[in-house]
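Residue-level listing of the chains:
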Amino acid sequence: MKKNGTTGEGRGDRPRTAAVGVPVQVSAANVAEGRTRHEVARLLLEQGPMTAAVVAEQLGISPTAIRRHLDALQADGEAETRDAPRKGPRGRGRPAKLFLLTEAGRARFGHAYDDLAVSAIRFLAEHAGPDAVRAFAERRVERLVGPHRQAITGSADPVERAEALATALSREGYAASTRQIGAETPVAHAGAQLCQHHCPVAHVAAEFPQLCEAETEAFAKLLGTHVQRLATIARGDNACTTHVPAGPAGIPAHPEPDRTTPGKAASPPEGHAPRIPNGGKPA
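Residues numbered from 1 in each chain as written. Predicted model: local features only at pLDDT ≥ 70, side-chain atom pairs only at ≥ 80, totals over all residues. Heavy atoms only, no water.

S.K.: Outline the pattern of salt bridges, supporting the account with residue identities and numerical values.
M.R.: Side-chain pairs of opposite charge can arise where the charged atoms are in close proximity. Inspection of the entire model under this criterion finds eleven salt bridges. Measuring nitrogen to oxygen at the nearest pair gives 2.9 Å for the salt bridge that ties Glu33 to Arg68. With a gap of 35 residues between them, Glu33 in helix α1 (residues 28-47) and Arg68 in helix α3 (residues 63-75) connect regions that are remote in the sequence. Between Arg106 and Glu103 there is a salt bridge, with the nearest N and O atoms lying 3.7 Å from each other. Remark: Glu103 and Arg106 occur in helix α4 (residues 103-106); sequence separation between them is three residues, near one turn of the helix. (Salt bridge = Lys/Arg side-chain N within 4 Å of Asp/Glu carboxyl O. Helix = DSSP H or I, 4+ residues; strand = E, 2+ residues; numbered from the N terminus.)

In structure tokens form, the structure reads like this:
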């Protein structure tokens with residue numbers, strides 16, 4: 001016999017009951033709250049760190065309501081804050097807070113079949129060796145960006161290509177964007193940053209960095225310039241960030257300067273010294 005007045009989930013279609021035996025009804029307001037909170041989380045996922053005021057403006061919801069949702073996401077460990085960078089002279093008062101998703105927050109949007117994928121690649125590595133894993137990673141990224149190649153390479157400017165690549169990656173579920181690095185920075189650092197705010201294979205790439213390495217090399221070839229990976233979600237960063245220097249396309253691509261795959265080094269252009277694998281160390 002079941003006891004009345006217990007807490008917990010009901011069986012079948014029965015509603016949950018509170019300690020006094022009163023059914024807990026899920027109201028339409030609660031459903032709407034959940035949907036709005038999910039939209040807040042999605043905005044943080046797709047557009048990266050944002051202030052509460054910007055979130056409110058983007059969703060057309062009052063700042064007070066947005067604060068409530070952001071506080072709830074923080075309480076659940078799905079969002080965190082950091083200070084916004086100051087622009088201009090330091091003024092009085094505390095800097096604005098930027099809200100961003102944690103790994104738990106990104107999990108809202110799924111890491112489908114992570115365990116199965118990791119197991120499959122482990123099996124591949126054990127039975128076919130690391131070269132097979134590398135070949136798989138290269139094939140995967142080619143299938144990801146290959147259909148967008150013409151749209152990406154339509155411009156000779158690497159920064160414009162980066163913007164087209166961000167659009168392509170967003171269509172593939174990576175919530176990508178670009179950020180211009182302006183004239184106030186040293187010439188060597190000018191260009192753009194390509195940011196991927198979501199990575200569907202981050203958990204897999206944490207164990208098999210070949211996925212990230214192949215992706216970076218493919219980006220360099222598409223953009224026609226060397227690129228530098230500054231951060232990855234797989235290593236615990238908030239986004240996968242790739243620096244794309246300004247300048248005409250056609251610069252040889254060296255996305256991983258301290259790693260050279262044997263037999264795959266490209267011939268240097270005329271007037272450039274050949275790049276020595278392994279930093280000049282014997283293979």
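Next comes the rest of the write-up.
S.K.: Residues and numbers for the nonpolar core, please.
M.R.: Judged by nonpolar contacts, the single largest core of 34 residues is most densely connected at Val145, Leu165 and Leu169. Ranked by residues supplied to this core, first place goes to helix α10 (residues 210-223) with eight residues. Once you skip the residues sitting within four places of it in the chain, Leu169 turns out to touch Leu144, Val145, Tyr174, Ala175, Ala176, Leu194, Gln196 and Phe219. Formed by 16 residues, the second largest nonpolar core is a distinct cluster that contains Ala41, Leu45, Met50 and Ala52. (Core = buried A, V, L, I, M, F, W, Y, C linked by side-chain atoms within 4.5 Å. Buried < 20%, exposed > 50% of the residue type's maximum accessible area, 1.4 Å probe, protein only. Contact = heavy atoms within 4.5 Å.)

S.K.: Which residues make up empty space enclosed by the protein, and what values do they have?
M.R.: Under the counting rule described, the total for this entry stands at one cavity of 30 Å³ or more. Roughly 40 Å³ of internal volume is contained in the largest cavity. For the largest cavity, the full set of lining residues is Arg140, Cys199, Val201, Ala205, Leu211, Cys212, Glu215 and Cys240. Here the element with the most residues in the lining of the largest cavity is α10; it accounts for three residues. Here the lining of the largest cavity is composed, by residue class, of six nonpolar, no polar and two charged. (1 Å grid on protein atoms, 1.4 Å probe; cavity = no way out; pocket = protein on both sides within 12 Å on 5 of 7 lines; lining within 4 Å. Points joined across faces, edges and corners; volume = space filled by probe spheres on them. Nonpolar A, V, L, I, M, F, W, Y, C, P; charged D, E, K, R; others polar.)

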